[in-house]
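Here is how the chains run, residue by residue.
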Amino acid sequence: MIIKLSTPFHEYVCETFQALTDALVPQTPPMQHGSYFIDSDMNVHEYVIHALNHEITIQQQFFLTPIPLAYPTALMLDSAAAQLIAAGQLQTPSKKSNARGAFSSLLREDRIRVLAALEDLSVDVNSLPSPYTNNAGMVKYVTDALNRLSLFGYYSEWSAYGTTRLLPPDKRRLQFFPLSWQQVGYPGVSLGYRDFRGFLMKMPRNEENA
């Protein structure tokens, strides 16, 4: 099922993944770059959504098939959060919780606990939505991917693509210097940096055979 950007599903998915990246990436004050507004997570949630919908494949019979996973993954996060809330393992959420929206209602530290529970498979995997139902391997794989994608999206040049960030890779253009690069002191792309190339070896010369 492909979720179009104008649907309520997209709003729900965006809210869920904004809650995810808010818990995982460093906080950055929202700011304006020309006509382009950068959210506090530097729009990393859009990177995670895009990657889940276009770059992860699952086995279907004898073939690897790409399927949109952002919406099912949002449901998985909510299902796991609802389970931990019902078990009394999380603090009272900041707003009324149910199976949909439970994850985004949690405090930041409790969102991390939900991810840890999924990674450790300490939730009822049979109660998770398809395609995660009774699929422990996929639960662990995608949960790990959520962590990696969030940090990769933050520390890569993703945010600096601005209005071109959702275009095909060959159509994207850097519109400003990435803020995360400024934060870590990375000077940017160069034609080459000094690197270790091994040890200089001196071969003894045999004058008799010269």
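Just so it is clear, the model here is predicted, and its values are computed rather than measured. (Residues numbered from 1 in each chain as written. Predicted model: local features only at pLDDT ≥ 70, side-chain atom pairs only at ≥ 80, totals over all residues. Heavy atoms only, no water.)

## Re the overall build of the protein
To be explicit about the condition: The secondary structure listing takes helices from DSSP runs of H or I that are at least 4 residues long and strands from runs of E that are at least 2 residues long, numbered from the N terminus. For each residue, the accessible area found with a 1.4 Å probe, counting protein chains only, is set against the maximum for its type, and the residue is called buried under 20%, exposed over 50%, and partly exposed in between. Only heavy atoms matter for contacts: two residues are in contact if any of them lie within 4.5 Å across the pair. With residues, only the protein chains shown are counted as cover, and all accessible areas are computed by Shrake-Rupley using a 1.4 Å probe.
A tally of helices and strands in the protein yields 6 helices and 4 strands. Residues classed as buried in the protein amount to 42% of the 210 residues present. Long-range pairs, those at least 24 residues apart, make up 56% of the contacts in the protein between residues at least 6 apart in sequence. Per element, the accessible surface of the protein, about 12,800 Å² overall, is 56% carbon and sulfur.

## Comments concerning the nonpolar core
Keep this limit in mind: By nonpolar core we mean a set of buried residues, namely Ala, Val, Leu, Ile, Met, Phe, Trp, Tyr and Cys, connected to one another through side-chain atoms within 4.5 Å.
By size, the foremost hydrophobic cluster in this structure holds 47 residues, and its most contacted members are Phe 17, Leu 52, Val 114, Leu 118 and Leu 146. Breaking this core down by element, the ones donating at least two residues are helix H1 (8–24), helix H2 (44–54), helix H3 (70–86), helix H4 (108–119) and helix H5 (136–155). Sorting elements by how many residues they give to this core places H3 first, with 8 residues.

## Brief notes about H5
The periodicity of an α-helix, 3.6 residues per turn, causes residues three or four positions apart to be oriented the same way. How we decide: Every helix has an expected span of 1.5 Å times one less than the residues it contains. The directions from the helix axis to the C-beta atoms form the arc being described.
With 20 residues, H5 extends 29 Å from end C-alpha to end C-alpha; this agrees with the ideal 28 Å at 1.5 Å per step. Within H5 the residues assigned to the buried category are Met 138, Val 139, Val 142, Thr 143, Ala 145, Leu 146, Leu 149, Ser 150, Gly 153 and Tyr 154. Down the axis of H5, the sector holding all buried residues measures 160°, keeping them to one side.

## Some points on the packing of aromatic side chains
Put simply, the test is: Note on aromatic pairs: the rings of Phe, Tyr and Trp (six-membered ring only in Trp) are paired at centre separations within 6.5 Å, and the planes decide the class, stacked below 30 degrees, edge-to-face beyond 60, tilted for the rest.
Considering all chains together, one arrives at 7 aromatic pairs under this definition. Centre to centre, the rings of Tyr 12 and Tyr 71 are 5.9 Å apart; their planes meet at 80°, and the pair counts as edge-to-face. Within this pair, whereas Tyr 12 is found in helix H1, its partner Tyr 71 is found in helix H3, the two being separated by 59 residues in sequence. Assessed through its relative accessible area of 9%, Tyr 12 is described here as buried. On the basis of relative accessible area, Tyr 71 is assigned to the buried category, the value being 11%. Measuring from ring centre to ring centre gives 5.1 Å for Tyr 47 and Trp 158, while their planes differ by 65°; the resulting arrangement is edge-to-face. Here the residue Tyr 47 occupies a position in helix H2, and Trp 158 occupies one in the loop between H5 and helix H6 (179–184), the gap between them amounting to 111 residues. When its relative accessible area of 13% is taken as the criterion, Tyr 47 is described as buried. Aromatic ring contacts, followed pair by pair, group Phe 9, Tyr 12 and Tyr 71 into a single cluster.

## With respect to H3
In this model H3 runs 24 Å from its N-terminal to its C-terminal C-alpha over 17 residues, within 8% of the 24 Å that 1.5 Å per residue would give. Among the 17 residues that make up H3, 12 are buried, leaving the element largely enclosed by the rest of the structure. Positioned one or two residues after H3, Gly 88 has a phi angle of 70°, which is positive.

## Describing the pattern of salt bridges
The condition is simple: Any carboxyl oxygen of Asp or Glu within 4 Å of a side-chain nitrogen of Lys or Arg constitutes a salt bridge here.
The final tally for this structure, using the stated rule, is 5 salt bridges. Its salt-bridge partner being Arg 165, residue Glu 46 comes within 2.4 Å of it at the nearest N-O pair. Taken as a pair, Glu 46 in helix H2 and Arg 165 in the loop between H5 and H6 lie far apart in primary sequence, 119 residues in all. In this pair, the class of Glu 46 matches that of Arg 165, namely buried. Across the salt bridge formed by Arg 113 and Asp 110, the nearest N and O atoms sit 2.4 Å from each other. Here Arg 113 pairs with Asp 110, and both are found in helix H4, just 3 residues apart, close to one helical turn. Among the charged side chains, a salt-bridge network with shared partners connects Asp 22, Arg 108 and Arg 111.

Purely geometric stuff here, so don't read any function into it on its own.
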